[in-house]
Structures are given as C-alpha cells and as structure tokens.
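Read off the chains here:
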Amino acid sequence: SYSGVKLLLHGLCSNTTVKSLDLKGNNLRTVGAEALGTLLRQNKSIRSLILEWNSLGMWEEGFSFFCQALGSNNCLQRLDLRNNQINHQGAGELAMALKQNSSLQELDLRWNNIGLLGGRALLNCLHSNKTLKRLELAGNNVPSDILKAVEQATDHNQDRQTILSETQNRAYVLSKEVLSLKDEKTKQFVDLMDTIDKQREEIARSGRMSAARISQLQEALDEQQSIMNSLKAKLQMTEAALALSEQKVHNLGELLNATKQEQTSMAERHFVELQQQKQEGADREGKLLRDLSAASEKNLLLRNQVDELEKKCKVQQDQLFQVKQDLTNTTAELKLRVVQAEERLEMEKRRFKQSLEDMESLRLKEVDHMTQHIEASERSMQDRIQRLEAIRIALEEELSQVKAAALTERGQAEEELIKVRNQARLEEQQRLEHLEEKLRLMTESRDEAQNCCLKQKQMVTEAQAKANQLSLHADGLKRRVEELQQDLNSKEEEKVTEVNKVKVELQEQIGHLQAERTAQEGLREKIAALERQLKALSSSHREALLDKEGEISMLLEKLRMKEADISRMREEEAQRASFLKNAIMAYVQGSPLGTHGSRK
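Residues numbered from 1 in each chain as written. Predicted model: local features only at pLDDT ≥ 70, side-chain atom pairs only at ≥ 80, totals over all residues. Heavy atoms only, no water.

The protein chain is annotated in an unreviewed UniProt entry as LRC45 protein of Nyctibius bracteatus. The Subcellular location (unreviewed entry) comment attached to the protein chain in UniProt states, word for word, "Cytoplasm, Cytoskeleton, Microtubule organizing center, Centrosome". (UniProt positions renumbered as here; feature names shortened; annotations may be inferred.)

Here you go:
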C-alpha cells in the first residue's frame, strides 16, 4: 500500500546503515515520489536506488519534487529509472537536477519516452555535470548522434574522474611521503636530542663518579696518612726500645769495666802476695813450692778464667758493636725510607692532583667543545631544516600553481573542445537533417516514379491488345522513363557528391579533433614532465635527508668516540689509582717495620 511505502521511506530518512534500496515494481505514484524526494533530501547513507517499473514520470509534480531532491543530494551514486514513462519534460527536470548534483555516477533511463528534446536536454546538462560516468538512453526514441554525444560526454567524464582520482592519489601519496619525512625528521631530531641529553647525563654521571672516586682516593690517602702516623708512632716506640737497649748495653759495659777492675785488682793482689811470698823467705820455698805449684795451678785456672772472661767480653763487645751498627743502619734506612716515602707520597699527591686538574680541565674543555659543537650542529641542523621547509613550501606552492595552471589550461581546452564538438555536432546535425530531407524528397520522387512506372506497366499490360495503336504513346512513355532515370542518375550523382563533401568535411573535422588530441597529449606530456620534476625534487629531498642522516650518524660516531675516550681516561685513572694503592701497600709490606709487624 502507499501508506506502507510512505512509512518505510520516512523511516529510512534517519537511517545511516542502509546503502542500497530496491523498490522495483511498486507503482509508487505521486505520494511515493514525494516520499522519495524527502528521503533523498534527508538521508546521507544510501548509495544505490533502484526504481524500475514505478511509472514515476506520469505524475509531473511528484517527479519534479523528486528531481529537485536529487539535485540537492550529495551521496547517491547509482539511480535506476527504467520503464517509468518519463517524457521530455521529465527529462528536462532530470537535466536541471543533474546540473546541481555532484555525486551521481550512473543513471539508467532505458525504455522511457524521452525523445529528441529530452535527449538534447540531458546532453546539455552533461556540459556542467562532471561526475556522471554512465547514462543509459536506449529505447527512448533518441537519435543516434545524441546517443553518441552522450556516450562521448560520459566517457570524457569518466576519463576526467580517473585523471582526478589519479592526481588525488598521487597528491595523497606525496603528502603521505612528506608527512612521513617530517615524522622521520622529528623522530631523528628527538632521538638526537635524547642522545645529547643521555650524553649530558652520562657526562654528569661520570663527573659524579669521578668525584666519588676522588673522594675515595682522598679517603685512601687519609688512611695512608693515618698508617704513616701509626708507623711514625711505631718508629718512636722502636727508638724508645733502642734507647732502653742502649741503656742496657751501657750497664753491661759498666759491669764489664767493674769485672775488669776486679780482675786487675785480683791480679795485683796475687802479684803482691807472690812478692810477699818471695820476700818472706826462701825458708819457706820448699814449703811453699807446693804452695807455689798450687798457686801456679790456681794462677793458671784464674788465667784461664780471665781469658775466658776476656773472650766473653770481646764477644759481647763485638755483639754490642754489631747491634749498634745494625741499629744505626736500620735507623738510617728507616729514616731514608720514611723520607723517600714522604717524598714519593708528595710527588704522587702532586702528580695525582696535577693529573686530576688536567683531567678536569680536559674534561671541561671537551664538554665545552662538545656542547659548542652540538649547539653549532643543532643550529646548522635547524637552519637546514628551515631551509628545507622553505624549499618544500616553495615547491608545494609551485606545484599547486602548476597544477592550477594545468587545471585551468585543461578546463579551457576541454571547454574549447566541447564548444568545437558542439558546433561540429550542430553543423553535422543540420547537414544530416538537410541530407535527410533531400533523401526523403528523393525517396518520395523515386516512389512516385516507381508508382508511375507501375501504373504505366499496368497500362502497358492492359494496352497490349492496343499495342499497335498506342506504340507511339509507349515510345513517348519510354522516353519519359529514360528521362526520369537520367534525372534519378543525376540526383544520385549529386547525392554522392554531397556525401563526399560531407565525408571531406568530416575528415577535416576529424583532423581538427586529432590536432586537439595532439594538443591534449602535449598537455599530458607537460603534466608527465611536471610529475618527473616532482619525482626529481622528491628524490633530491630524500638525498638531502640521507645527507642529514649521514651527518647525524657522523655526529653520533664522534659522540661515541668521545665517550670511548672518556671511558678510557676513566680506566686509566682507575689503573693509576690501583697502581698507587698497590705501590703503597707493597711499600708498607716491604718495609722492615711491616715485616717485623707481620712476624709478630
């Protein structure tokens, strides 16, 4: 029913999912046409609409409303209006709608009543409509020349759409490449800034590590100084012990002197006793021989004891002398070693401080140089990026200007082609109409002559009995027929000459059209040359980007080299510190105090 169709179409006005609608053979009439018009005005999702066998052309008001809605629609791409009884007025309404429409690509109007006027209206609307690719007009009593013109116009629109799509795709691809190149540039710049920040952080970290190592080395030096102070205290303790040992040696020497004095006093006493015994008298010699022998034995014993005591004294003196010499040597060696160790420590401290100062100055200089170099490279990169951006903007402007000029030239050439084609078509139509009229007249005259010939033949057949009487009349009629045949031959010759003239004119027009085609090919070649220039510019731009990437890689390699130098210097500092530590430990362990302490 009509109310159901109306409700369905009103419901589809707010739908956004239906893409294709088939209403074939529903006899929609005026109410359905108006509902379809509102649907086309409000719906933005339907791409295909099939309205075959609905007799929409019979209702002029509803069909005009439908055509107005079709003109304001920008989503519909395919419309099927076969067998809808559309006359030349409906075709005019469709032509007005197609002049405003910019989305319809296929329109099927087969088996309607469009006629010559409707075909011309549709042909004229194709001059302003550039999106319609297919227009079917079979079975509409439209002349073949208009059908051919319509087909050529739709083919031209299709070629134009394909060229536009290709140019849009190329422009889209180029814009994508430009955006990708911009993204790559920004990524590379961000990566470079990240690497620079990482390098700065690593440099700061290395500075902190070096400061921590310096503090550790300072603590190690403080520990060494404390060790040296302890060693000095131990030296003082050993000196005190040496003083005590010297005092003991002095006491032993006094004891030895006392023993020597006692021995001398004992010897003097013995000598005095011997003299007394000698002086006492020889009386007692006999008695005293035994005493003398005993005394001599005692003397020998005492002498042996004195010799032993003297030997012991000599050995003790030698030992004391050796001990004194050892003490003096050890004290001198210890003093020399302490002095040398202090000098070495001072030299190592000076060297370490000097090396640290040199390293700090070199590191600061390298950091300043690297920062200056990085800033200069950043500035140069920014300048080059700005130059490349300016070059890209200029190239895009030149490309847009060239595209606009090419489009204007193409539009002018297309308009001139359309005008020339229209003029040629009009002239051809006029000539063909004139020739058709001539042919019609010739056919009419030929038909008349044939009718006359038939009548004469009938009269000849009827008058065969009267042949003798009407022979003269038959001869005259034969002459008349021969004259008519001559006239026909002359007219046919004129027709052939006119057809040849028309062929010559058509060939000339074809030559003009070929010249225009060559001009279009020249324009296409220009467009191809411009595209090649664009490709060359894009390749040069890519080469420039590759050069930039090479420079960035060189800068990164320089940064890596600097990092390797800094790490190498750090390793050398660590090795020097370890060498100093090992040397100090070896010195401490190799000193006699260290050996004495280790033995203890």
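Let's pick the thread back up.
Let us look at the overall build of the protein chain. Helix and strand counts for the protein chain stand at nine helices and five strands. When its helices and strands are written in sequence order, the protein chain yields α-β-α-β-α-β-α-β-α-β-α-α-α-α. Relative to the globule expectation of 25 Å for 600 residues, the C-alpha radius of gyration of the protein chain, 66 Å, shows a markedly less compact shape. In terms of its C-alpha atoms, the protein chain occupies a principal-axis envelope of roughly 250 × 60 × 45 Å. (Helix = DSSP H or I, 4+ residues; strand = E, 2+ residues; numbered from the N terminus. Rg over C-alpha atoms; globule rule 2.2 N^0.38 Å.)

Put simply, helix H3 (residues 60-72) and helix H4 (residues 88-100) touch, their axes get as near as 7 Å, and they point 15 degrees apart. By the angle between their axes, H3 is roughly parallel relative to H4. For the pair H3 and H4, the sense of crossing is right-handed. Where H3 approaches H4, its residues Glu60, Phe63, Ser64, Cys67, Leu70 and Gly71 are matched on the opposing element by Gln89, Gly90, Glu93, Leu94, Ala97 and Gln100. Here the contact of H3 with H4 is built from residues that sort into five nonpolar, five polar and two charged. (Axes fitted to C-alpha atoms, helices over the stretch in contact; angles between N-to-C directions. Parallel < 35°, antiparallel > 145°, perpendicular 65-115°, else oblique. Left-handed = near helix turned anticlockwise from the far one by under 90°. Contact = heavy atoms within 4.5 Å. Nonpolar A, V, L, I, M, F, W, Y, C, P; charged D, E, K, R; others polar.)

The subject of this paragraph is the sheet that holds strand S5 (residues 134-136). Here five strands make up an open sheet; going across it, the order is S1-S2-S3-S4-S5 and the pairing parallel. One side of each edge strand has no neighbouring strand; the edge strands of this open sheet are strand S1 (20-22) and S5. Strand-to-strand twist in this sheet, taken as the mean axis angle between neighbours without regard to direction, amounts to 0 degrees. The sheet contact formed by strand S3 (residues 78-80) and strand S4 (residues 106-108) spans three bridges and is parallel. The partner of Arg78 across the bridge, within S4, is Glu106. (Pairing = 2+ DSSP bridges.)

One non-glycine residue, Asn27, adopts positive backbone phi at about 50 degrees. Position of Asn27 relative to the elements: it lies in the loop between S1 and helix H2 (29-42). The backbone phi angle of Gln85 is positive, close to 55 degrees, even though this residue is not glycine. Mapping Gln85 onto the fold places it in the loop between S3 and H4.

For side chains of opposite charge, pairing can occur when their charged atoms come near one another. For the coordinates displayed, the defined rule picks out 11 salt bridges. The closest approach of N and O atoms between Glu106 and Arg78, which form a salt bridge, is 3.5 Å. With Glu106 in strand S4 and Arg78 in strand S3, the pair connects residues that are 28 residues apart, well separated along the chain. With relative accessibility at 29%, the residue Glu106 sits in the partly exposed group. Connected through salt bridges with shared partners, the residues Glu52, Asp80, Arg82, Asp108 and Arg110 form a single ionic network. (Salt bridge = Lys/Arg side-chain N within 4 Å of Asp/Glu carboxyl O. Buried < 20%, exposed > 50% of the residue type's maximum accessible area, 1.4 Å probe, protein only.)

Residues given the UniProt feature "coiled-coil region" (unreviewed entry) here are residues 182-248 and 292-572. Secondary structure over residues 182-248 splits into 100% helix and 0% strand, and the C-alpha atoms at its two ends are 96 Å apart.

What follows is about the nonpolar core. Formed by 46 residues in total, the largest nonpolar core has its most connected members in Leu36, Leu51, Leu79, Leu81, Leu109 and Leu122. Elements with a minimum of two residues in this core: helix H1 (2-12), H2, H3, H4, helix H5 (115-125) and helix H6 (144-280). Excluding its chain neighbours within four sequence positions, the residues that come into contact with Leu79 are Leu49, Leu51, Phe66, Leu70, Leu104, Glu106, Leu107 and Asp108. Counting seven residues, the second-largest nonpolar core is a separate cluster that includes Leu192, Ile196, Ile374 and Ile552. (Core = buried A, V, L, I, M, F, W, Y, C linked by side-chain atoms within 4.5 Å.)

A surface patch of like charges, here negative, comprises Asp191, Asp194, Asp197, Glu201 and Glu202. Note on placement: Asp191 falls in helix H6. Take Asp191: its relative accessible area is 45%, and that puts it in the partly exposed class. (Patch = residues over 30% accessible without salt bridge, like charges linked within 9 Å, V, L, I, M, F, W, Y side chains within 5 Å. Areas by Shrake-Rupley, 256 points an atom, 1.4 Å probe, with all protein chains shown as cover. Lys, Arg positive; Asp, Glu negative; His and termini not counted. Charge placed at Lys NZ, Arg CZ, Asp CG, Glu CD.)

On the secondary structure map, Asp80 appears in strand S3. There is a polar contact of 2.8 Å between the side chain of Asp80 and the side chain of Arg82. Look past the residues within four positions of Asp80 in its chain and what remains in contact with it is Leu49, Ile50, Leu51, Glu52 and Asp108. (Polar contact = N/O pair within 3.5 Å; in protein donor to acceptor, adjacent residues only side chain to side chain.)

The set of residues buried in H5 consists of Gly115, Gly118, Gly119, Leu122, Leu123 and Cys125. The buried residues of H5 occupy one face: seen down the axis, they fall within an arc of 160 degrees. Where H5 is buried, its residues contact H4, S5 and H6. (Arc of directions from axis to C-beta.)

What follows is about the packing of H5 against H6. Orientation of H5 relative to H6, taken along the N-to-C sense of each, is 20 degrees, at an axis distance of 10 Å. In terms of orientation, H5 and H6 fall into the roughly parallel class. In terms of crossing hand, the pair formed by H5 and H6 is left-handed. Contact residues: H5 offers Leu116, Gly119, Arg120 and Leu123, while H6 offers Ile146, Ala149 and Val150.

So, on to the state of the cysteines. One pass over the structure, following the stated rule, counts zero disulfides. With no disulfide of its own, Cys67 has Cys125 as its nearest cysteine by sulfur position, at a separation of 11 Å. Residue Cys67 is classed as buried on the basis of its relative accessible area, which comes to 1%. (Disulfide = S-S within 2.5 Å.)

Let us look at the environment of Arg78. Given a relative accessible area of 32%, Arg78 falls into the partly exposed group. Apart from residues no more than four positions distant in its own chain, Arg78 is found in contact with Arg47, Ser48, Leu49, Ile50, Leu104 and Glu106. Looking at Arg78, its side chain comes within polar contact range of the side chain of Ser48, at 3.5 Å.

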